[in-house]
Amino acid sequence: MPHFNSDAQSAAPGADPLSVLQRWFDEAQAKKDPLPDAMTLATSSKEGRPSARIVLFKGIRRGAIFFVTNYQSRKARELEENPRAALVFHFPTWERQVRVEGRVERATAAESEAYFQTRPRGSQLGAWASPQSQPIASRGELEARSQQVEERFEGAPVARPEFWGGYLVIPERVELWLGRTDRLHDRFVYERAKDDEPWRLERLAP
Ligand SMILES: Cc1cc2nc3c(=O)[nH]c(=O)nc-3n(C[C@H](O)[C@H](O)[C@H](O)COP(=O)(O)O)c2cc1C
């Protein structure tokens, strides 16, 4: 039986790597891949000390990858002092991986606001209740904060906290990886230094 990535043959799967990412993500969702929107985000401090965690992919906006978080979290502090990031997606059902590297900008307040309004009320309240990445004394403290927030917004819409919002990872390097038989996998790297340049494409050994 041919391997399901054998259709890739010798050609790269597309000229624009973000369109391929979107297509692979849609396919992974349709195939019920576990959490296709969970992507690993690596940041680093200004001394170059790296850290990584999973955040959720919230789509492609203005040619960049959008995610949301707390602007006072560790990742946000690192992004403020060193606005570069790497992302990794893994779609195991299809044996595919996408690696993205690029610079990072905050989304506009309007973009963060628009996204916040689409969130379930519980998540909106949670954004207020959690001082993300700060030490807290106990689970009880977190629950008390959650209770206070519920009382504060009772019967009213939940406003977006100023300390919560989106970031955009503007890709400068994207690698598309397709698992193939006998470890002879396909790796296609797309690079460009500026957003208006065409992508340069090369194949790497697996
Ligand atoms: C499946 C999954 C999805 C997550 N999604 C997000 C997210 O979209 N935004 C976020 O800030 N944290 C998300 N988290 C929590 C982060 O992994 C991390 O614990 C948190 O953001 C604090 O990271 P930091 O201290 O490095 O800033 C998610 C965790 C998991 C396991």
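Preceding this paragraph is the structure being described.
Residues numbered from 1 in each chain as written. Predicted model: local features only at pLDDT ≥ 70, side-chain atom pairs only at ≥ 80, totals over all residues. Heavy atoms only, no water.

Undergrad: Just to check I follow, could you spell out the pattern of salt bridges for this structure?
TA: Close approach of charged atoms allows side chains with opposite charge to pair. Taken as a whole and judged by the stated rule, the model has 17 salt bridges. A salt bridge links glutamate 27 to arginine 96; its shortest N-O distance comes to 3.4 Å. Placement of glutamate 27 in helix H1 (residues 17-30) and of arginine 96 in strand S6 (residues 96-106) is noted, with a sequence separation of 69 residues between them. Notably, a salt bridge pairs arginine 187 with glutamate 175, separated by 2.8 Å at the nearest N-O pair. Highlighted residues: arginine 187 in strand S8 (residues 186-191) and glutamate 175 in strand S7 (residues 164-178), separated in sequence by 12 residues. Look at arginine 187 and you get buried, because its relative accessible area is 16%. For glutamate 175, a relative accessible area of 2% gives the class buried. Look at the salt bridges and you will find they share partners, linking Arg84, Arg103, Glu105, Glu172 and Asp195 into a network. (Salt bridge = Lys/Arg side-chain N within 4 Å of Asp/Glu carboxyl O. Helix = DSSP H or I, 4+ residues; strand = E, 2+ residues; numbered from the N terminus. Buried < 20%, exposed > 50% of the residue type's maximum accessible area, 1.4 Å probe, protein only.)

Undergrad: What should I look at first to understand helix H4 (residues 121-129) in this one?
TA: Each turn of an α-helix holds 3.6 residues, which means side chains three or four residues apart point in the same direction. Here H4 has its buried residues at Gln124, Leu125, Ala127, Trp128 and Ala129. Packed against the buried residues of H4 are helix H3 (109-118), helix H5 (139-152) and S7. (Contact = heavy atoms within 4.5 Å.)

Undergrad: What should I look at first to understand the nonpolar core in this one?
TA: Side chains that are nonpolar tend, in soluble globular proteins, to be buried together. Among the nonpolar cores identified, the biggest contains 30 residues, and Met39, Ile65, Phe67, Phe89, Phe91 and Val98 are the most heavily contacted of them. Of all the elements in the fold, those that place two or more residues in this core are H1, strand S1 (38-44), strand S4 (64-70), helix H2 (74-81), strand S5 (84-91), S6, S7 and S8. For methionine 39, the residues in contact, after removing those within four places along its chain, are Arg53, Ile54, Val55, Leu56, Phe57, Ile65, Phe66, Phe67, Leu87, Val88 and Phe89. Formed by 16 residues, the second largest nonpolar core is a distinct cluster that contains Ala107, Phe116, Val158 and Trp164. (Core = buried A, V, L, I, M, F, W, Y, C linked by side-chain atoms within 4.5 Å.)

Undergrad: Explain the site of the ligand here, please?
TA: As a matter of local geometry, the ligand sits amid Leu35, Arg53, Ile54, Val55, Leu56, Val68, Thr69, Ser73, Arg74, Lys75, Gln132 and Ser133. Arginine 53 is positioned with one of its side-chain polar atoms (N or O) 2.8 Å from an oxygen atom of the ligand. Valine 68 has a polar backbone atom sitting 3.0 Å from a nitrogen atom of the ligand. At the level of secondary structure, the elements contributing two or more residues to the shell around the ligand comprise strand S2 (50-56), S4 and H2. Of the residues assigned to the shell around the ligand, the class counts are five nonpolar, four polar and three charged. (Near = heavy atom within 4 Å. Polar contact = N/O pair within 3.5 Å; in protein donor to acceptor, adjacent residues only side chain to side chain. Nonpolar A, V, L, I, M, F, W, Y, C, P; charged D, E, K, R; others polar.)

Undergrad: What's the story with the pairing of S6 in this structure? I'm lost.
TA: Two faces make up the sheet, and in a regular strand the side chains alternate between them. Taken together, the eight bridges between S5 and S6 define a ladder with antiparallel strand orientation. Paired with alanine 85 across the bridge in S6 is glycine 102. Count of turn residues in the S5/S6 antiparallel hairpin: four residues, of which glutamate 95 carries a positive phi of about 50 degrees. Inspection of the sheet shows S6 paired to S7 by 11 bridges, in the antiparallel sense. The residue of S7 that forms the bridge with arginine 103 is isoleucine 170. (Pairing = 2+ DSSP bridges.)

Read these as geometric descriptors, not functional statements.
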